[in-house]
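Here are the chains, one letter per residue:
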Amino acid sequence: MSKRVLIAEDEPNIVTSLEFLMSQIGCEFQTAVNGEDALRAAAEFHPDLMLLDVMLPLKSGFEVCQSVRGNDALKRIKIIMLTAKGRETEVAKGLALGADAYITKPFATRELLDTVKRLLGE
Amino acid sequence: MAPRARFFAVWIVCFALLAAAAAGVLLAVYDALAPDEQRRFSGVLAAAGNTLIVLGVILFIIGGFLAAGLERAFLAPVRRLAESTRLIAAGNPSYRADAEGPAEVREAAAAVNALAERHETLTLGIEEQIRHAHAELGDETNRLAALMSELASGVVVCTVEGRILLYNEHARQMFSGVGVPGYIGLGRSLFSLLDRQLVVHALDQLRYRLAQGEPRPVSVFLASPVPALLLRVRMAPVMATASGQPEKREPSGFVLLMDDVGAEVALFEQRDHVLEQLIQSARASLASIRMAAENLESFPQMGPERQAQFAAIISVEAHRLTAHLEGATREHSDLVRSLWSPEQMRAADLVAVARRRIEEHLGLATATGEIDELLWVSADSYSLAQALCYVVRRARDELAARDVRFHVTASGRHARIDVQWEGERVPGPSALAWESQPLTSAGEASPLTLREDLGRHRAEAWCESDAGTGGRFRLLLPVTEPVRAFHAPAQPSRPEFYDFDLFSQPGLERDLDERKLTELAYTAFDTETTGLEPAAGDEIISIGAVRMLNGRLLAGEVFDQLVDPRRPISAASARIHGISPGMVAGQPTLEQVLPMFHQFCEDTVLVGHNAAFDMRFLQLKESATGVRFTQPVLDTLLLSAVLHRDLGEHQLEAIAARFGVSVTGRHTALGDAMVTGEIFLRMIPLLAERGIVTLRQAREASERTFHARIRY
């Protein structure tokens, strides 16, 4: 059975590329454009992995990450956080809140795909 | 007992003794007579008894009148002479005793006046010497004062207990803004202006660092006494003048240098914000572009629709990125513009800076022609030198300019700076595109264009062809006054702000009542009112007050406030103080003014003339405003009666004339407060002569005088 990826990102042009990449590596995916959508989708879509933007509307990526990690039904989901700020303190915070990996924009597609595959155990 | 009463008591005793002597003689005569003669003698006495009593009473009254006349003629003039002599000795050397009474007293008065003349001459001589010595000291102080007033920072010097010893005009302005909780003033507490904990902590740090052997430690902290004010405070210790113990380094006070960094901090925050926004949007756009490009590259087998989609993403995001960059550049140049701080300099010096720069950056030697050395301009010399360098570079590159020469001449209210060169003719007057491009030269770039730089200098510039074979760039800069204009020197440039004596002031812990009058801080005050009957609803319409410290009136630390009484002003009162209803309309009410006044006179003894009247008005407002004036009050009217019981009137003008105090602004609250204060200061030495040295003694002596019984 193919792996499921939830893309939580509000930049449509980035979403397009992420969707394309996920389809290329044979993952099922769904997209959420704000933090609340992302949490709802996490509960309904049961993804194996989330690509989670930090600067999401309504609920930030940090909050989403914290909620997922605090929910027994969801906490096994792997989380890759994507950020446009890239401060060291922010990376530390993301990892402390339970993210499995932290990638700063702009990133190489190769780096992203390698991290996704590593976390999905492929 | 008053001297007059004592005199009459003596007279009554004398009369009683005389009467007793007469009775004794009669008894002796009666005793010596034979029995029948004694009977006749008794009969005669009984018959003439009434006549004798009447005679005795008449004698007593005539004698009393004679005694009173004697007192008035001889003793009262002597007493007045004594008071006048004291006044001359301790208060007013120009005062002269009246020649009155019998010849002997007049002679004594003339002698006293002659002595006074000599005393005055001597005093003036000594004062002249002191003035001379002071003048030299004053020069030093003036240099310090000038230095302090020129400092762009607020300066406050305090004792370790936080009492203010000196401050400059900038500091006064900083703390006189809306909402600042306290008043700045000599002898006042710094802690009404800045948070005590903050200051004490910084002082502790200084002590620690001094103990560690650091020669000149400075503590820096930020303070925000009100939201509108953000101060960067640098604190340095003032060391006690070395008195034998150089190893024990304990500060006796500290200096605070304060800068309002609110605007600066806001600008930096704004700049950070611009930068942050730019980084975020650039990262996002770059992420889109990079992924799309890499997708196109890594997955060449994708369909044409997909390819077109990714190509479109690249194009759109590239445009977005460009727009973000342009926006950030614009905002940044706006910020640079608002951060600019022009300096006042000679136009000739500006040209010298520009020439050095041209030589360094372009390797081009320049010359000067006509230079007016006296023209001053307000300029950001860095950016203007950059601009001139830029112009010369473009002239060199595009017009083959050589033999560059600078001229500085006056042109109306502008300084005209001409950059003249030999070379190609300028293509059309002012037709150059130079103005709209950023100021770049020799690898250095400014976010400003020439036009923007000129705009913020309120300057104009253009290029024109020379009559000969070259061209010139002409820059018109507004001229300014050569001496830097200080922002708001509403105060006379120095006096009261400088008072180092205060370092030896005692702390406040000693019981106030037992402190010497010469050691206390005072607020002399006066009020004007709608009428004379506080109990009938008359209201205060003006409060004036001035602080006094160390025997000096601090003319720079005054309280002067009109009050809207919300009731009519009686015509009789308006005639006296000249305050019309129109003047008080829209002024704050007493409920608003009293807390301010209370704060102004905090920790001081109040001094008023006929202060009972003013205090009654204040007292009636206690319940309405919750403001209570509990400090001791001294009354110059009562003190005058203590000092000069026999010198007649105790009205303000009369006392002022007696003490040689000139009266200006009579019947304005502030004017009267100042006169009252001056009079009070001159009373202190006279009181001391009578053994009235402490506050308690002054209060008690006031209470004893007759006028203390006046109640409003």
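Residues numbered from 1 in each chain as written. Chains lettered and ligands numbered in written order. Predicted model: local features only at pLDDT ≥ 70, side-chain atom pairs only at ≥ 80, totals over all residues.

Let us now look at the overall build of chain A. The number of helices and strands found in chain A is five helices and five strands. Scored against the burial criterion, the 122 residues of chain A give a buried share of 42%. For chain A, long-range pairs separated by at least 24 residues make up 58% of all intrachain contacts whose partners lie at least 6 apart in sequence. (Helix = DSSP H or I, 4+ residues; strand = E, 2+ residues; numbered from the N terminus. Buried ≥ 20, exposed ≤ 12 C-beta atoms within 10 Å, placed from the backbone. Contact = placed C-beta atoms within 7 Å.)

Take the nonpolar core next. By size, the foremost hydrophobic cluster in this structure holds 82 residues, and its most contacted members are Ala524, Ile543 and Ala545 of chain B. The dominant element in this core, judged by the number of residues it contributes, is helix α18 (residues 669-689) of chain B, at 11 residues. When residues no more than four places from it in sequence are discounted, the contact partners of alanine 545 of chain B are Thr523, Ala524, Phe525, Val558, Phe559, Phe597, Phe600, Cys601 and Ala673 of chain B. In terms of nonpolar packing, the next biggest core, distinct from the first, is built from 41 residues, Met22, Cys65 and Val68 of chain A together with Ile289 of chain B among them. (Core = buried A, V, L, I, M, F, W, Y, C linked by C-beta atoms within 7 Å.)

Residue-level contacts link 18 residues of chain B with 16 residues of chain A. Every element with two or more residues in the side of chain B that touches chain A is listed here: α6 (262-298) and α7 (304-338) of chain B. Among the elements that make up the side of chain B that touches chain A, the one with the highest residue count is α6 of chain B (12 residues). Looking at the side of chain B that touches chain A residue by residue, the classes come out as eight nonpolar, five polar and five charged. (Nonpolar A, V, L, I, M, F, W, Y, C, P; charged D, E, K, R; others polar.)

All names here are of chain B. Here we have five strands laid out as an open sheet, ordered β2-β1-β5-β4-β3, and antiparallel in their pairing. The open sheet has two free edges, formed respectively by β2 (164-167) and β3 (219-223), since each of these has just one partner strand. The mean inter-strand angle of the sheet, taken between neighbouring strand axes irrespective of direction, is 25°. Bridge count for β3 against strand β4 (residues 231-239) is five bridges, and the pairing is antiparallel. Paired with phenylalanine 221 across the strands is valine 233, a residue of β4. Here helix α5 (residues 196-211) sits on the sheet and contacts β3, β4 and β5 (251-260); the angle it forms with β3, its principal contact strand, is near 170°. (Pairing = 2+ DSSP bridges. Axes fitted to C-alpha atoms, helices over the stretch in contact; angles between N-to-C directions.)

Here we take up α6 of chain B. In this model α6 of chain B runs 53 Å from its N-terminal to its C-terminal C-alpha over 37 residues, within 8% of the 54 Å that 1.5 Å per residue would give. Those residues of α6 of chain B that fall on the buried side of the exposure criterion are Arg283, Ala284, Ser285, Ala287, Ser288, Ile289, Met291, Ala292 and Asn295 of chain B. (Expected span 1.5 Å × (residues − 1).)

Residues and elements named next belong to chain B. If you trace the five strands from one edge of the open sheet to the other, you get β17-β16-β15-β18-β19, paired in mixed fashion. Only two strands of the sheet have a single neighbouring strand rather than two, namely β17 (552-562) and β19 (633-635). In this sheet, adjacent strand axes meet at a mean angle of 25° when their direction is disregarded. Pairing between strand β15 (residues 522-529) and strand β16 (residues 540-549): eight bridges, direction antiparallel.

Residue and element names in this part refer to chain A. Between helix α2 (residues 35-45) and helix α3 (residues 61-69), the shortest axis-to-axis distance is 9 Å and the interhelical angle comes to 25°. Considering their axes alone, α2 and α3 lie roughly parallel with respect to each other. You can see that α2 and α3 cross each other, and the crossing is right-handed. Where α2 approaches α3, its residues Gly35, Ala38, Leu39 and Ala42 are matched on the opposing element by Glu63, Val64, Ser67 and Val68. Of the residues that constitute the contact of α2 with α3, the class distribution is five nonpolar, two polar and one charged. (Parallel < 35°, antiparallel > 145°, perpendicular 65-115°, else oblique. Left-handed = near helix turned anticlockwise from the far one by under 90°.)

A few words on the pairing of strand β2 (residues 28-32) of chain A. All names here are of chain A. For strand β1 (residues 4-8) and β2, the ladder comprises five bridges, and the chain directions are parallel. Its bridge partner lying in β2, arginine 4 is registered against glutamate 28. Crossover β1 to β2 through helix α1 (residues 12-24) is right-handed. (Right-handed = clockwise from strand over helix to strand, strands pointing away.)

All names here are of chain B. At a minimum axis separation of 10 Å, helix α16 (residues 636-643) and α18 run at an interaxial angle of 30°. The handedness of the crossing between α16 and α18 comes out as left-handed. Together, Thr636, Leu639 and Leu643 of α16 and Thr676, Ile679, Phe680, Met683, Leu686 and Leu687 of α18 make up the contact between the two elements.

Before going further, it helps to examine the confidence of the model for chain B. Residues and elements named next belong to chain B. Put simply, chain B has an average pLDDT of 81, and 89% of its residues get 70 or more. Taken together, the stretch residues 707-712 has pLDDT below 50 and engages in 11 contacts with residues farther than four places along the chain or on a different chain. Model confidence for the complex: the whole-complex pTM is 0.48, and ipTM, which rates the interface, is 0.80. (pLDDT = per-residue confidence, 0-100.)

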